[in-house]
Amino acid sequence: MRKAIILLLLMSGAFLSKAQVFNTSGILKGGEAAIGFEPSLLVYDGQTDFMMFFHAGVGLGQNIDLGAKFGVFGDENYYGGDIEFGFSKTLSLSAGAHHFHDFALDGTANVTVPLARGTKLITGLDMDIVFGDETKIPLWIPLGIRVSVGNGWSLIMESEIELTDEAYHYFGVGMAFGF
């Protein structure tokens, strides 16, 4: 019963959105879906903001999936979407768009390294092109761990380390459920 309640709460917010982070190189198979939630901290210019992200994804087949993300409780809501193309079990590329303060285009190379049974290291390179008063191109290195905890659930701990002054540090821990 508890899983059903959690699933309903996640679904109520998750289907509005994007997946820049909270992502591995794994692609959902056609007809598969996943949802998740992730309390997160964004650290920039000496300030720390809390946000709660809700994630959703659906596999389209042929090594392609769509992702969505919606973030609330920060100084501004975050929403967006992406399409991800799998090239192997350890490499994928995604492209998308989001709105968080300003409109931005996203590009991410995801690399997943198996560590132990059910545990994977997540890394790669993440880039945005932000169209505000001036165009900025923040870059990050994502770094995280995904641990399968059974029955379709995974624990995901991740960070995005800023590489450019336009970026911010990101830290999150959340759960994902695939079905």
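Residues numbered from 1 in each chain as written. Predicted model: local features only at pLDDT ≥ 70, side-chain atom pairs only at ≥ 80, totals over all residues. Heavy atoms only, no water.

Q: What am I meant to see in the overall build of the chain here?
A: Scanning the chain from terminus to terminus reveals one helix and eleven strands. Each helix and strand of the chain, placed in order from N terminus to C terminus, yields the pattern α-β-β-β-β-β-β-β-β-β-β-β. Expressed as a percentage of its 179 residues, the buried residues of the chain come to 43%. Here the contacts in the chain between residues at least 6 apart in sequence split such that 46% fall between residues at least 24 apart. (Helix = DSSP H or I, 4+ residues; strand = E, 2+ residues; numbered from the N terminus. Buried < 20%, exposed > 50% of the residue type's maximum accessible area, 1.4 Å probe, protein only. Contact = heavy atoms within 4.5 Å.)

Q: Where do I start with the nonpolar core in this structure?
A: Burial of nonpolar side chains together is a common tendency in soluble globular proteins. Within the largest apolar cluster, nine residues are counted, these being Leu-42, Met-51, Phe-53, Tyr-78, Phe-100, Trp-140, Ala-167, Tyr-168 and Tyr-170. Ignoring sequence-local partners within four residues, the contact set of Ala-167 consists of Pro-138, Leu-139, Trp-140 and Glu-162. Judged by nonpolar contacts, the second largest core, of five residues, contains Ala-56, Ala-68, Trp-153 and Phe-177. (Core = buried A, V, L, I, M, F, W, Y, C linked by side-chain atoms within 4.5 Å.)

Q: Help me out: how do you make sense of the pairing of strand 5 (residues 91–100) in this one?
A: Remark: a regular strand shows side chains that alternate across the two faces of the sheet. Here strand 5 shows one buried face, formed by Ser-92, Ser-94, Gly-96, His-98 and Phe-100, and one open face, formed by Leu-91, Leu-93, Ala-95, Ala-97 and His-99. Where strand 4 (residues 78–86) lies against strand 5, eight bridges are found, and the strand directions are antiparallel. Within strand 5, the position partnered with Asp-82 by the bridge is Gly-96. Taking the residues that link successive antiparallel strands as the turn, the strand 4-strand 5 hairpin has four residues. As judged from the ten bridges shared by strand 5 and strand 6 (residues 102–116), these two strands associate in the antiparallel manner. When the bridges of strand 6 are listed, Ala-95 appears paired with Gly-107. (Pairing = 2+ DSSP bridges.)

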